[in-house]
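So you can see what is in the structure, the chains are spelled out below.
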Amino acid sequence: MSVFEDAIENFLHPIGDLLKNEKISEIMINGPKEIFVEQKGLVYKVENTFPDEESLISAFRAVAQSVGRVIDDENPRLDARLPNGSRIHVVLPPMAKNGTTVAIRKFSKDDLTLTDLINFGSLSKEGARFLDICIYLGKNIVVSGGTGSGKTTMLNVLGGRIPKTQRLIIIEDAAELQVAAEHVVNFETRKEDPQRGITAVSIRDLVISAMRLRPDRIIVGEVRGAEALDLVQVMNTGHDGSMGTVHANTPLDACTRLETLCLMGDTQIPPDAIRKMVASAMQVVVQCSRYHDGGRRTSHISEVLGLDSSGNYITRDIFRWMQTGRTPEGKYTGQMVPCNYVPSFFEDVVLNKLPFPKSHFISHEWKKKQAA
Ligand SMILES: Nc1ncnc2c1ncn2[C@@H]1O[C@H](COP(=O)(O)OP(=O)(O)OP(=O)(O)O)[C@@H](O)[C@H]1O
Ligand SMILES: [Mg+2]
C-alpha cells in the first residue's frame with residue numbers, strides 16, 4: 001500500500017466512503033462537523049463527521065506529508081495534487097473560522113470526450129464540430145467560466161483534438177490536464193520554499209521557456225495573474241491555436257478579465273496597447289457555465305472581432321445554449337442553437353474544404369424569437 005493510501009486508511013477514514021464513491025465529484029469539509037459533497041452537479045450535506053478539530057488537522061497534516069508538503073501555523077494554506085490525481089486545498093484556523101476547511105476535487109477516471117459533452121447536452125453536434133474546425137484552423141481559443149463550471153474539462157477535450165503532428169506545451173500551476181495528443185510536453189510550476197532553498201518557478205517563467213522549446217501550440221491551464229500578458233503575446237506572435245482558461249462569466253467579460261490580468265504585472269506597455277493586443281490575441285471564446293439545476297453546459301461559443309471605434313471589445317455569439325423548459329425533476333431542457341452569425345473566418349473553412357455548410361450557423365427558431 002502506498003504512503004498516500006496508508007494516510008487515507010488511517011486518517012481519512014471518517015470520509016473513506018465518500019472518497020471511494022465514484023459518483024461523488026467533490027468533498028467539502030467546513031470544520032470537523034460539517035461536510036458537503038457534490039454529486040451530479042448538486043451539493044448535499046452528508047452525515048460524515050470527524051471526531052474533533054484535532055483529528056481533522058492531523059489527517060490533513062498526514063496527507064500533506066505524504067506528498068512532501070507541510071501544513072502548519074507557518075504554512076496555513078495548502079494547494080496540492082494527490083498521487084491519485086485528486087486536487088486538494090486546505091486552509092487552517094484562525095483564517096478558516098469554521099475550523100480546518102478543505103475541498104477535495106476528485107480526479108475523474110473517465111476523461112470526458114467531445115462525444116460525452118454532446119451526449120450530456122452540453123454541446124450540440126454542430127457546436128462540437130465547429131470547435132473541432134477552429135482547432136484544426138489554429139484559431140486561438142480562450143475557455144471562460146466560473147469556478148467548477150467545466151473549464152479544465154473543456155480544455156482537455158479541445159486539446160485532444162489538436163492534429164497529431166503538432167508539438168504541444170502545457171503549462172499549469174498544478175498538473176491536471178491530460179491531453180490525449182501524441183507530442184505533449186507538460187510543465188508544472190514550483191512553489192518557493194526558502195527553508196529548503198527552493199526558489200519559485202512561475203507560469204511566466206515556464207511560458208518563456210516554452211517559447212524557446214519550439215512549440216507549435218502553447219496551453220496555459222489557468223490564467224489568473226500577470227502571465228495573461230505572456231499568453232496574449234504568445235497568441236499574437238504566431239503560435240496559432242494556443243489556448244488557456246480564464247475566470248469570467250461571459251465572453252465579453254473574458255476579454256476584460258484578460259486585460260485586467262495583463263495589467264497586473266509591472267509592464268511598460270500602455271493600457272490602450274494592451275487592450276488592442278487582447279482583442280487581436282484570441283478569435284474564439286468558449287463559455288462554460290454551471291446552471292442552477294446542477295448541469296454544466298457550454299453557454300456560448302463566440303467570436304472576438306477586435307475593438308470598435310470607441311475602443312470597446314466586439315464579440316459575436318456563434319452558438320448559444322437556449323433553455324426551453326424544465327423537467328418535473330427540475331432539470332433544465334434546452335439545446336445549443338446557432339445565432340445566425342457566420343464567423344468572419346468562414347472563408348478559411350471553405351478554402352480548407354472543411355465540411356461545414358453555412359446553413360449550420362442559421363437557426364430559424366432563433367430568428368423567429370428575435371422577430372417576436
Ligand atoms: N459538460 C459537463 N457535464 C457534466 N459534468 C461536467 C462537465 N464538464 C465538467 N464536468 C464535471 O464538473 C467538475 C468540474 O469540472 P472542471 O474541473 O473542468 O471545472 P473548472 O471550471 O476547471 O473548475 P475550477 O474553477 O475549480 O478550475 C468535474 O467533476 C467534471 O468532471
Ligand atoms: Mg479548472
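About the cut-offs
Residue positions are counted from 1 within each chain, in the order its sequence is given. Chain letters and ligand numbers both follow the written order, the letters beginning at A and the numbers at 1. Two thresholds apply to this predicted model, a pLDDT of at least 70 for residue-level local features and 80 or more for giving and counting side-chain atom pairs, whereas whole-chain, interface and lining totals are computed over all residues. What counts as a domain boundary in this text is fixed by an automatic or database domain assignment. C-beta atoms are first placed from the backbone for all residues, and any pair lying within 7 Å is then listed as a contact. Amino acids outside the nonpolar list (Ala, Val, Leu, Ile, Met, Phe, Trp, Tyr, Cys, Pro) and the charged list (Asp, Glu, Lys, Arg) are all regarded as polar, and Gly is one of them. The pLDDT value expresses, per residue, how confident the predictor is, ranging between 0 and 100. Helix and strand labels come from DSSP, where a helix needs a run of H or I of at least four residues and a strand needs a run of E of at least two; each type is numbered from the N terminus. Using the backbone to place each C-beta atom, any residue with that atom within 6 Å of a molecule or strand is considered near it. Between N-to-C directions, angles span 0 to 180 degrees; the directions come from axes that are lines fitted to C-alpha atoms, helices contributing only their stretch in contact. What sets the label is the angle itself: under 35 degrees gives roughly parallel, over 145 gives roughly antiparallel, 65 to 115 gives roughly perpendicular, and the rest give oblique.

## Some remarks on the domain arrangement of the chain
Phase 1: For the chain, the assigned domains are domain 1 (3-105) and domain 2 (114-365).
Phase 2: Between domain 1 and domain 2, the contact holds 6 residues from the first and 7 residues from the second.
Phase 3: Residue composition of the side of domain 1 that touches domain 2, by class: 1 nonpolar, 1 polar and 4 charged.

## Some thoughts on the confidence of the model for the chain
Phase 1: Averaged over all residues, the pLDDT of the chain equals 91, while 95% of them reach at least 70.
Phase 2: Confidence, expressed as mean pLDDT per element, reaches its minimum in the chain at helix α1 (residues 3-11) with 66 and its maximum at strand β7 (residues 141-145) with 98.

## Quick notes on the site of ligand 1
Phase 1: Close contacts around ligand 1 come from 14 residues, with Ser122, Gly150, Lys151, Thr152 and Thr153 the closest.
Phase 2: Looking at the shell around ligand 1, the element that brings in the most residues is helix α6 (residues 151-159), giving 3 residues.
Phase 3: A breakdown of the residues in the shell around ligand 1 according to their chemical character gives 2 nonpolar, 10 polar and 2 charged.

## Side note on unusual backbone geometry
Phase 1: With an omega dihedral of 5 degrees, the bond running from proline 93 to proline 94 counts as a cis peptide bond.
Phase 2: Tracing the chain through its elements places proline 94 in the loop between β5 (87-91) and β6 (101-105).
Phase 3: A positive phi angle, close to 50 degrees, is found at arginine 214, a residue other than glycine.
Phase 4: Within the fold, arginine 214 resides in the loop between α7 (203-211) and β10 (217-220).
Phase 5: A positive phi angle, close to 55 degrees, is found at lysine 353, a residue other than glycine.
Phase 6: Relative to the elements of secondary structure, lysine 353 occurs in the loop between α11 (346-351) and α12 (364-371).

## A few points about the packing of helix α8 (residues 227-236) against helix α9 (residues 251-264)
Phase 1: Look at α8 against α9: their axes get within 6 Å of each other, and the N-to-C directions meet at 115 degrees. The orientation of α8 with respect to α9, classified from their angle, is roughly perpendicular. Between α8 and α9, the residues in contact are Ala228, Leu229 and Val232 and Leu258, Leu261 and Cys262, respectively.
Phase 2: Looking at the contact of α8 with α9, its residues break down into 6 nonpolar, no polar and no charged.

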